[in-house]
Number of protein chains: 4
Amino acid sequence: MKFKVAVLGATGMVGQKFVQLLADHPWFKITTLMASERRVGKKYGDEVNWIVSSDVPECAKDIEMAPMDPKHCDADIVFSALPSDVAREVEPKFAKEGFVVASNASAYRMEEDVPLVIPEVNPDHLGLIEVQKRKRGWDGFIVTNPNCTTIMLVLTLKPLMDLGLKRVTVATMQALSGAGYPGVPSLAIMDNVIPFIKGEEEKVETEPLKLLGEFDGGRVIPASIKVSASCHRVPVIDGHLEAVWAEFDGTVEVDEVVKAFESLEPLKDLPTSPEKVIIVRKEVDRPQPRLDRDAGNGMSVVVGRIKKVEDDIVRYLVLGHNTVRGAAGASVLNAELMVKEGYVK
Amino acid sequence: MKFKVAVLGATGMVGQKFVQLLADHPWFKITTLMASERRVGKKYGDEVNWIVSSDVPECAKDIEMAPMDPKHCDADIVFSALPSDVAREVEPKFAKEGFVVASNASAYRMEEDVPLVIPEVNPDHLGLIEVQKRKRGWDGFIVTNPNCTTIMLVLTLKPLMDLGLKRVTVATMQALSGAGYPGVPSLAIMDNVIPFIKGEEEKVETEPLKLLGEFDGGRVIPASIKVSASCHRVPVIDGHLEAVWAEFDGTVEVDEVVKAFESLEPLKDLPTSPEKVIIVRKEVDRPQPRLDRDAGNGMSVVVGRIKKVEDDIVRYLVLGHNTVRGAAGASVLNAELMVKEGYVK
Amino acid sequence: MKFKVAVLGATGMVGQKFVQLLADHPWFKITTLMASERRVGKKYGDEVNWIVSSDVPECAKDIEMAPMDPKHCDADIVFSALPSDVAREVEPKFAKEGFVVASNASAYRMEEDVPLVIPEVNPDHLGLIEVQKRKRGWDGFIVTNPNCTTIMLVLTLKPLMDLGLKRVTVATMQALSGAGYPGVPSLAIMDNVIPFIKGEEEKVETEPLKLLGEFDGGRVIPASIKVSASCHRVPVIDGHLEAVWAEFDGTVEVDEVVKAFESLEPLKDLPTSPEKVIIVRKEVDRPQPRLDRDAGNGMSVVVGRIKKVEDDIVRYLVLGHNTVRGAAGASVLNAELMVKEGYVK
Amino acid sequence: MKFKVAVLGATGMVGQKFVQLLADHPWFKITTLMASERRVGKKYGDEVNWIVSSDVPECAKDIEMAPMDPKHCDADIVFSALPSDVAREVEPKFAKEGFVVASNASAYRMEEDVPLVIPEVNPDHLGLIEVQKRKRGWDGFIVTNPNCTTIMLVLTLKPLMDLGLKRVTVATMQALSGAGYPGVPSLAIMDNVIPFIKGEEEKVETEPLKLLGEFDGGRVIPASIKVSASCHRVPVIDGHLEAVWAEFDGTVEVDEVVKAFESLEPLKDLPTSPEKVIIVRKEVDRPQPRLDRDAGNGMSVVVGRIKKVEDDIVRYLVLGHNTVRGAAGASVLNAELMVKEGYVK
């Protein structure tokens, strides 16, 4: 018996990744695909400009697209791949009507009563669900995952917290798929780097504080670290690469950092959970987007070039698949965690 | 009456840029092109795999390539585009025989008695020439320019010194032409970033200290700043982009930084000197390699996205043309400065 | 005394090329830039997403954009960079009011009384202007240039007509800029080829017949050749490359073909006319888009790899700059020809 | 019980694909990896610059590389990924000593007594094995597969033979991996097309005649068709795309062509054989390299845009994975066929 799942914004880049990841999922079965008005009633396979693989999965091809309305949604879990402004209006309607909304949108991430969760980092923040339902009087609820760039970063910051992490400086080299489809014009990015991604640096500088914060039963007390980010788009299809300088409140050795990274435990028994959360590579020239983005089926992050810069500063690189671990896969893993924890009936 | 100039390593990527920049130079005339043994005696136009423009300049096409031997060199100035290990052996032979060697190679950059010069930054370091000639007993001498990534960075650090610069953190996104030709295999870099460039980070972390140091008549006392670099190769033909965090010993405002950048004076009356050394752009998404690398004929650097991160930390981006301002153009500008200052007879 | 010129659709890709080519034109001076309603009244420099070089030309920066209405147009010649469907409505309004319209749009190219002209190929077709004005009762008129791919092809077909050309088979590898801006999404074309360009093959298969046809004073009798095209988009910024098989009604030698190509005369005294119309390169691996697209300031086409396939079939490659010789430059050259021939008062 | 297999030239691009395809093969087990002298004795995993996926397969990592000498080869089948000049010397040594050599090299393809085979096209040509052994007095033998571009083309030409195929004109857009590693320099191909691949057109113009020829028990009588090819390298990692004009000796309809393509039968019971040999897509813009190269695990070819050009000419596109169906996969499929037909003991 599988849970029935729906996707909001199913035709976009992240929507396609949701469909791809859910097509053969052992716990979930796609029942509803929702899109904007002009697509309603048309078959998903005919409407979507499918670019994430050769063909639309068979199980999704013939689904008639539904409007973004709870009345037309036959599902236990609703995954949201909506743009933020649309998500802001649409997602609450579903939560109100009792749906579990697992959202990749940024609209509600920083709301006080909305869990912003990476399963390996802060699963206990799901406790906010009760706060949210009570406060808003909803039958369902919204759980969010962070921005793609934030996720890769925070997966590596989490194990560094115990070493006395204080300040983080990060420069990113981000993939094209992060901008959705059609997204970045080829004429803008060929033989080029675009050193600006709207809203990205703000997200990377604020979301980690909530993720690494402490849930006291009622609210999340933000972690007291500082993050500064410079975000850049590079001509790469998938895979965000980040150069990170981590500053600690005391001396730190590379060995300690490696050990911390390797000790981050995967979540047991969740189908989308990778065997290793953080893979530390020893080669001088890794991680690389094209070679490492598919590690752990896109759910592992790969770290390399760890180096001590000053007594209290360590530099390293981290890479992850931005539309899997950084988007659709993140939501799916959150949903799996919620199933396991009994939040989905 | 033009000065006669020669190029060592004329067929490589930087060698081609030298030939291109010198082809119509108002002060210089190419008389000798030197290459490895197997090319000697062959016409430059027939041997070079010319890739920097449509055609080899007319004035260079029919020059028969000479061996890398002072006896076969008829020139006042010898520009060196040699790889470091070859430069180490070959350049002194020319300096010993009385030639002015303007070198882009890294071999002698950090030697105590060898000037490492960016004309707008530390022209007075040319004073080391006398030290060098005296110490080594040479009739000629070697003057070097820094690594390409260092040059863009230091052009922006120089004006920040007066604001109390203390620490620099830099992440680079470097162009393919920096690796020479054939250089980076297409299969390695398509849809990818390579987060490692051999020897690069070490250069970027040490050369600025010498460049920003003080020449006391006998030697250069290194500047007391710290630089940490993470260097990455991206699929861009020309133009190195760098994300820089500058930390000061007190509070600094963005306005002060902009003003400092814009006050860096170009050198008057040198043909290769750009009208503006640092161009500060106000757009949110500049500088970009493809759009900005040719600013000032590739001799300006372009700065953007200046932002205060903490009271004493400012972040910005800087971009420059790596084979012009960062290599061949740097050597040519050094040579022009030496002519003006009377070091070339 | 320069002619006053206007550009319709000035903010698009081809519109930008018009502005760039006209900015320093010895005969023309930009007076009016017209764009869609939402841009009217705003300064060109503020509105355009300029991507063809570092900066909008000074002379255009402060021009306030005008609506696409003859009443707001102060010009002798109106260049049209409009999409075909808009051109169909807008261009006649200008022609009716007495303007000389030099159009790059496809809307009127195949109309019986509209000249479709490449100056070096069929300048006499301008004779249709009188037919057009008479028939339509207009004070002005429309003159068009062909599709970008057609232009490169026909420049090489023209000299082959005398050798008995009968059938043409052409496979194209076309640049991204041909699709305008934003045009092709980067996610669609990175590490890919898209083997379809809407409407392109039809244009390439029909326009040459009109261009190579004979003007009998009243109409153009199409040439009796057959053209079959397969058109493909490749990840190249500028420059269309075409592999051509030319079949003749008798034996043809490579020498004859080379001689025919090299004998195509440039038009004297037109500022945009290149020194050589067709450049024949002898290297085994030319023409290449990045190296050859700027030949003759983008107005020459470059031919290479001419080879006899069968007694009566010759194969060769041709390359040209699609937004210069293939679009804006083509219209400007047409306008120059019209000035010279006295069609512009 | 698996057959033991070896790879000659195991560290190159095609060598890596062999290792990848053989790593989990149900019939074959890698026992020997052979490379040039300087690598002998070193572990494969340490020496290879692995770029075809994240990691070297576990089963190959620790294999010590052997010299290219039959004495050091413990295998039933030897796959050859050698460059042609090396293959010419090395392969016969193995055949002489009784090995079955399945070669991707071009050295012996066109020799009269060497089978050049595509299993779905001309399996009966394996009959030449006996001729070869007899003539050369070898205990083993060499069987070859065609050039990558030829394979995709001939898979589509085979079913057209019965429709009266007479002449073929083909323009190719070929992937970078076809040039091996390091292969094409990134500076040569970024924002570019290189319209020349050494020796390629000759292979594409001659190999099909042997492949489509008739084996009369003693030799192969070449097919009497004509092929003309123009070959171009494009910035695509994997997947050769070809635009084909097929001319027949009578009228042909698109329906007949589609039916012919779809009727080409896969070989039963061979593990590497795809479910469908030729996949005909109906979309206007397919096949595309990035979307279609992995069809049938890289062993299907994908056809599209079939169009009648003249009564007796049909144009279409074909795409295939050049290092799978076009190289390593082709050799492996040949080996599987030889096993099934009893040629391997």
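Residues numbered from 1 in each chain as written. Chains lettered and ligands numbered in written order. Predicted model: local features only at pLDDT ≥ 70, side-chain atom pairs only at ≥ 80, totals over all residues. Heavy atoms only, no water.

Visitor: Sorry if this is basic, but what is going on with the overall build of chain A here?
Guide: Broken down by element type, chain A carries 11 helices and 13 strands. Once the C-alpha set of chain A is aligned to its principal axes, its extents read approximately 60 × 50 × 35 Å. Residues classed as buried in chain A amount to 66% of the 345 residues present. When contacts within chain A are restricted to residue pairs at least 6 apart in sequence, long-range pairs at least 24 apart make up 75% of them. In chain A, the 42 positive side-chain charges and the 51 negative ones have mean positions that sit 2 Å from each other. (Helix = DSSP H or I, 4+ residues; strand = E, 2+ residues; numbered from the N terminus. Buried < 20%, exposed > 50% of the residue type's maximum accessible area, 1.4 Å probe, protein only. Contact = heavy atoms within 4.5 Å. Lys, Arg positive; Asp, Glu negative; His and termini not counted. Charge placed at Lys NZ, Arg CZ, Asp CG, Glu CD.)

Visitor: Looking at this structure, how should I read the interface of chain C and chain B?
Guide: How large an interface is tends to be reported as the accessible area lost when its parts come together. Listed by partner, the interface residues are 13 residues for chain C and 13 residues for chain B. By the criterion of area lost to chain B, the three top residues of chain C are Ser54, Arg290 and Leu291 of chain C, representing 41% of everything that side buries. At the boundary of chain C with chain B, the tally comes to 2 salt bridges. Here Asp55 of chain B and Arg281 of chain C are joined by a salt bridge, their closest N and O atoms 2.7 Å apart. Here the side of chain C that touches chain B is composed, by residue class, of 5 nonpolar, 2 polar and 6 charged. (Buried area = accessible area lost by both parts, 1.4 Å probe. Salt bridge = Lys/Arg side-chain N within 4 Å of Asp/Glu carboxyl O. Nonpolar A, V, L, I, M, F, W, Y, C, P; charged D, E, K, R; others polar.)

Visitor: Whenever I open this one, the pattern of salt bridges confuses me. Can you help?
Guide: The final tally for this structure, using the stated rule, is 100 salt bridges over all chains. Between Arg167 of chain A and Glu310 of chain B there is a salt bridge, and its shortest N-O distance comes to 3.1 Å. Of this pair, Arg167 of chain A sits in strand E6 (residues 165–174) while Glu310 of chain B sits in strand E12 (residues 301–310), placing the two residues on different chains. Like Glu310 of chain B, Arg167 of chain A is buried. A single network of salt bridges, built from pairs that share partners, joins Lys166, Arg167, Lys226, Glu247 and Glu310 of chain A together with Lys166, Arg167, Lys226, Glu247 and Glu310 of chain B.

Visitor: What am I meant to see in the relation of the copies chain C and chain B here?
Guide: Both copies of the chain are related by one operation, a rotation about an axis with a shift along it. Of the transformation placing chain C onto chain B, the axial shift is 0.0 Å and the rotation is 180°, giving an RMSD of 0.0 Å. Overall, the copies show the geometry of a two-fold rotation axis. The C-alpha atom lying nearest the rotation axis in chain C is that of Asp191 of chain C; the distance is 3.5 Å. When you check the interface residues of chain C against chain B, 100% turn up at the interface there too, and the contact is symmetric in its surfaces. (Least-squares fit on C-alpha atoms with pLDDT ≥ 70 in both.)

Visitor: Please clarify how unusual backbone geometry should be interpreted in this entry.
Guide: Cis geometry is found at the peptide bond from Tyr181 of chain B to Pro182 of chain B, where omega equals 5°. Looking at the element boundaries, Pro182 of chain B is found in the loop between strand E6 (165–174) and helix H7 (186–189). For Asp269 of chain A, which is not glycine, the phi dihedral falls at a positive 70°. Mapped onto the fold, Asp269 of chain A is located in the loop between helix H9 (254–262) and strand E11 (278–280). Judged by relative accessible area, which is 62%, Asp269 of chain A ranks as exposed.

Visitor: Would you take a moment to explain the sheet that holds strand E11 (residues 278–280) of chain D for this structure?
Guide: Adjacent strands of a sheet pair through backbone hydrogen bonds, lying either parallel or antiparallel. Residue and element names in this part refer to chain D. Across the sheet, 6 strands lie side by side as E9-E6-E10-E13-E12-E11; this open sheet has mixed pairing. Of all the strands in the sheet, the pair left with one neighbour each is strand E9 (226–233) and E11. Strand-to-strand twist across the sheet, computed as the mean angle between neighbouring axes with direction ignored, equals 25°. Judged from the 6 bridges that link them, strand E12 (residues 301–310) and strand E13 (residues 313–320) form a sheet pairing that is antiparallel. From the neighbouring strand, Lys307 faces E13, where its bridge partner is Arg315. (Pairing = 2+ DSSP bridges. Axes fitted to C-alpha atoms, helices over the stretch in contact; angles between N-to-C directions.)

Visitor: Help me understand the sheet that holds strand E9 (residues 226–233) of chain B, please; the structure alone is not making it clear to me.
Guide: Residues and elements named next belong to chain B. Ordered in space as E9-E6-E10-E13-E12-E11, the 6 strands form an open sheet in which the pairing is mixed. Among the strands making up the open sheet, the edge pair consists of E9 and strand E11 (278–280). Taking the axes of each pair of neighbouring strands and ignoring which way they run, one obtains an average angle of 25° across the sheet. In terms of strand pairing, strand E10 (residues 240–248) meets strand E13 (residues 313–320) through 8 bridges, oriented antiparallel. From the neighbouring strand, His240 faces E13, where its bridge partner is Gly320.

Visitor: For this particular structure, what's the right way to read the pairing of strand E3 (residues 77–80) of chain C?
Guide: Successive side chains on a regular strand alternate, one facing one side of the sheet and the next facing the other. All names here are of chain C. Neither face of E3 is open: one carries Ile77 and Phe79, the other Val78 and Ser80, and all of them are buried. As paired strands, strand E1 (residues 3–8) and E3 are joined by 4 bridges and run parallel to one another. Looking at E3, one finds that Ala6 is bridged to Val78. In the sheet, E3 pairs with strand E4 (residues 100–103) via 4 bridges, with the strands oriented parallel.

Visitor: Would you mind showing me how to read helix H5 (residues 128–136) of chain B here?
Guide: Residues and elements named next belong to chain B. All of the buried residues along H5 are Leu128, Ile129, Val131, Gln132 and Lys133. Those residues of H5 that are buried are in contact with strand E5 (141–144), strand E7 (214–215), strand E8 (220–221) and helix H11 (324–340). With its phi angle positive at about 70°, Gly137 sits one or two positions after the end of H5.

Visitor: Help me understand the packing of aromatic side chains, please; the structure alone is not making it clear to me.
Guide: Pairs of aromatic rings are described using the distance from one ring centre to the other and the angle between the two planes. Following the criterion strictly, the structure yields 32 aromatic pairs over all chains and no others. Measuring from ring centre to ring centre gives 6.4 Å for Phe3 of chain C and Phe28 of chain C, while their planes differ by 70°; the resulting arrangement is edge-to-face. Of this pair, Phe3 of chain C sits in strand E1 while Phe28 of chain C sits in strand E2 (residues 28–34), and the two are 25 residues apart along the sequence. Phe28 of chain C carries the same exposure label as Phe3 of chain C, and that label is buried. These aromatic residues form a ring-pair network of at least three members: Phe3, Phe18, Trp27, Phe28 and Phe79 of chain A. Against the face of Tyr108 of chain B rests Arg88 of chain B, its NZ or CZ located 4.6 Å from the ring centre. (Phe/Tyr/Trp six-rings, centres within 6.5 Å; stacked < 30°, edge-to-face > 60°. Lys NZ or Arg CZ within 6 Å of the ring centre and 35° of its normal.)

Visitor: Looking at this model, I keep getting lost on the environment of Lys61 of chain A. Mind explaining?
Guide: All names here are of chain A. In this fold, Lys61 is placed in helix H3 (residues 58–61). Overall, Lys61 belongs to the partly exposed group, its relative accessible area being 27%. Residues in contact with Lys61, not counting those within four places in the same chain, are Lys43, Tyr44, Gly45 and Val56.

Visitor: Looking at this structure, I do not really get the interface of chain A and chain B. What am I missing?
Guide: Facing 46 residues of chain A, the contacting portion of chain B comprises 46 residues. In total, about 3500 Å² of surface goes out of reach between chain A and chain B, with carbon and sulfur atoms giving 52% of it. Taken together, the links from chain A to chain B amount to 14 salt bridges. Residue Glu201 of chain B pairs with Arg315 of chain A through a salt bridge whose shortest N-O separation is 3.2 Å. Counting across the interface, chain A meets chain B through 26 residue pairs in polar contact (both at pLDDT 80 or more). Its residues placed into classes, the side of chain A that touches chain B shows 25 nonpolar, 6 polar and 15 charged. (Polar contact = N/O pair within 3.5 Å; in protein donor to acceptor, adjacent residues only side chain to side chain.)

Visitor: Quick question: what am I supposed to make of the packing of helix H6 (residues 148–157) of chain C against helix H11 (residues 324–340) of chain C here?
Guide: Two numbers describe a pair of packed helices, the interaxial angle and the distance between the axes. Residues and elements named next belong to chain C. At a minimum axis distance of 8 Å, the contact between H6 and H11 shows a crossing angle of 95°. By the angle between their axes, H6 is roughly perpendicular relative to H11. Across from Cys148, Ile151, Met152 and Leu155 in H6, the residues of H11 making contact are Arg325, Gly326 and Ala330. Grouping the constituent residues of the contact of H6 with H11 by class yields 5 nonpolar, 1 polar and 1 charged. (Parallel < 35°, antiparallel > 145°, perpendicular 65-115°, else oblique.)

Visitor: In this structure, what is going on with the domain arrangement of chain A? I would like to understand it.
Guide: Residues and elements named next belong to chain A. What the domain assignment lists for chain A is domain 1 (3–146 + 327–340) and domain 2 (148–322). The centre of domain 1, based on its C-alpha atoms, is set 24 Å off from the matching centre of domain 2. Each partner contributes residues to the interface: domain 1 has 34 residues there, and domain 2 has 37 residues. Taken together, the links from domain 1 to domain 2 amount to 1 salt bridge. Put simply, Glu207 and Arg109 hold a salt bridge, and the shortest N to O gap is 2.8 Å. Remark: the boundary between domain 1 and domain 2 carries 9 residue pairs in polar contact (both at pLDDT 80 or more). Every element with two or more residues in the side of domain 1 that touches domain 2 is listed here: helix H1 (13–23), helix H5 (128–136) and helix H11 (324–340). (Domains from an automatic or database assignment.)

Visitor: Any chance you could explain the side chain of His25 of chain C here in plain terms?
Guide: All names here are of chain C. Along the chain, the position of His25 falls in the loop between helix H1 (13–23) and E2. Here His25 falls in the buried class, since its relative accessible area comes to 3%. Within polar-contact distance, the side chain of His25 engages the backbone nitrogen of Phe28 at 3.2 Å. Sequence-distant contacts of His25, that is, excluding residues within four places in its chain, are made with Lys2, Pro271, Thr272, Val332 and Glu336.

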